[in-house]
Amino acid sequence: TENVPSILYSVIDETAVTFTEPLQTISPNGQYILYKSGVVEKVDGSIQYLLPTNEVCSRVIFKLHNWDWSPDNERLAYLLSCTDSDAQERSWVIVINVTAGELLWQQEIVALDNTFPLEFLYWSPDGKYLLLDEPDELYEGQRQLSPVWRIMADGSTSLEVVVEHGFLLGTVRQWMP
C-alpha cells in the first residue's frame, strides 16, 4: 500500500485530486500537505521541503499520531524516533515553522520510565503546550494506562506528567467565532 497514491475527494463538487505519493495529512487550514515520506508541500506547490532530522535519526517515521499542526497552522510538531547504534530507542520533540520549514527547536526526550516509545503528540487548543502519550497496549496480559506528559510549545521546559494513568485520545480545537 506504500505505492498507492492518495486521492482527496470533495463531496461538495464531486471532484478528486490525486497525489503523486501517499499523504499523511493535510493541515487544518488546507494550505499544507504532509506526505508519508516526510515532505511538506504547500497546496499550490510554491513551497516544498523535507522535515528536519538529526545525526541519530535520519528519517521521520510516522506512527499512530506522532505529529500535529499548531492551532494557528503556523507550526508543525512531530516526534523523531529511532534506534541508535547502541540499540537504544531515542526520541526528540521537534517543532518547525511550516512556511519555511525552519527548525524552531528540538528537545531529546530522556529519563522517561515508559514501556513503549511515545507515539501520540497533540497541541493544546490554546497552542501553549504539546501533549504526549505512549500507546496503551496490552503488556504482560494487562492493559497499562501510561502517564500523559506535556511540554511548553516553545520548548522552554522539559516534559512533565499531567495525568498519572490515562490515554490521550486527542484534543478538540475551540470553535472560533
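Right above here is the structure, for reference.
Residues numbered from 1 in each chain as written. Predicted model: local features only at pLDDT ≥ 70, side-chain atom pairs only at ≥ 80, totals over all residues. Heavy atoms only, no water.

Chemist: Would you mind going over the pairing of strand 4 (residues 32-35) with me for this structure?
Modeler: Remark: a regular strand shows side chains that alternate across the two faces of the sheet. Both faces of strand 4 are covered, namely the face carrying Y32 and L34 and the face carrying I33 and Y35. One ladder, built from three bridges, connects strand 3 (residues 23-26) with strand 4; its direction is antiparallel. The partner of I26 across the bridge, within strand 4, is I33. Where strand 3 hands over to strand 4, the hairpin turn is made up of five residues, of which G30 adopts a positive phi near 75°. When strand 4 meets strand 5 (residues 39-42), the two strands line up antiparallel, connected through three bridges. Pairing of I33 across the sheet is with E41, part of strand 5. (Buried < 20%, exposed > 50% of the residue type's maximum accessible area, 1.4 Å probe, protein only. Helix = DSSP H or I, 4+ residues; strand = E, 2+ residues; numbered from the N terminus. Pairing = 2+ DSSP bridges.)

Chemist: How should unusual backbone geometry be read in this particular structure?
Modeler: Peptide bonds are trans in most cases, and residues, glycine excluded, mostly fall at negative phi. With a phi angle near 65°, N73 is a residue other than glycine that sits in the positive phi range. Topologically, N73 is positioned in the loop between strand 7 (67-69) and strand 8 (75-83). Under the relative-accessibility criterion, N73 is labelled buried at 14%. Even without glycine at this site, A87 takes up a positive phi of about 65°. Its place among the elements puts A87 in the loop between strand 8 and strand 9 (89-97). Residue A87 is classed as exposed on the basis of its relative accessible area, which comes to 60%.

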